[in-house]
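# Architecture at a glance
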Amino acid sequence: MIELQQNNPLHGLKLEVLLTEVVDFYGWPILYAALKLQCFKTNPSIESSVKFLKKTEWAREKLENFYLYRFKRMPRPTAAQYVLKPRERGFMDGVIPKPALPLTLEKIAEMQAKAEADYQANGRNKVYPGKQSRQGHKPNAGASRSGAGRQRAERQDSSASSGNDNNPWGRH
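The model shown is predicted, which means the values in this text are computed figures rather than measured ones.

Conventions used here
Residues numbered from 1 in each chain as written. Predicted model: local features only at pLDDT ≥ 70, side-chain atom pairs only at ≥ 80, totals over all residues. Heavy atoms only, no water. Phe/Tyr/Trp six-rings, centres within 6.5 Å; stacked < 30°, edge-to-face > 60°. Buried < 20%, exposed > 50% of the residue type's maximum accessible area, 1.4 Å probe, protein only. Helix = DSSP H or I, 4+ residues; strand = E, 2+ residues; numbered from the N terminus. Salt bridge = Lys/Arg side-chain N within 4 Å of Asp/Glu carboxyl O.

What follows covers the packing of aromatic side chains. Taken as a whole, this structure holds six aromatic pairs when the rule is applied. Ring geometry for F25 and Y26: centres 4.8 Å apart, planes at 85°, overall edge-to-face. A relative accessible area of 45% places F25 in the partly exposed class. Residues W28 and F40 carry aromatic rings whose centres are separated by 5.6 Å and whose planes lie at 40° to one another, so their mutual orientation is tilted. Taken together, the residues W28 in helix α2 (residues 28–35) and F40 in the loop between α2 and α3 (46–55) connect sequence positions twelve residues apart. With a relative accessible area of 17%, W28 lands in the buried category.

Okay, the pattern of salt bridges next. Between side chains of opposite charge, pairing is possible as soon as their charged atoms come close. All chains considered together, the criterion is met by three salt bridges. Residue E57 pairs with K85 through a salt bridge whose shortest N-O separation is 2.6 Å. Of this pair, E57 sits in helix α4 (residues 57–71) while K85 sits in the loop between α5 (79–82) and α6 (105–122); the two residues are 28 residues apart in sequence, bridging distant segments of the chain. A salt bridge links E64 to R87, with the shortest nitrogen-to-oxygen separation between them at 2.7 Å. With E64 in helix α4 and R87 in the loop between α5 and α6, this pair connects stretches of sequence that are 23 residues apart. Classification of E64 by relative accessible area gives buried; the value is 3%.

Written out as structure tokens, the structure reads:
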């Protein structure tokens, strides 16, 4: 049975080929400045970066988003598509990639400064597509601690309230 494939430039594209295309066009310094992935800064190579990206899903998705929306300049995803991973998103038939967006270190710095200014101005309470609003969210004291930290705090609380004065490490 023949399956209809979605219109996605990432379909069938291997990670190594994707990375090679982007590195050949932009170079390692611009990729590091744009994505802030250490594998693009410290002794970068295609092999080591592919190995890292295969193991680290969030970094691979970050690179795939960069490839789709900066390198191929595809239309931005809708709120429903934003929830999906980049390889699962589809585009309308007839949408073709545009020429790559030329980037320089100065242009990346300007874009990051603008994004930071937008965040400072109104981004703290902004609701992103597919994410829950954080307004009014106040976790209780126990929820902010990790499992080990919560257990340690409970032990300290129980030892302090039990009146165990012989313990030199107990609370005073």
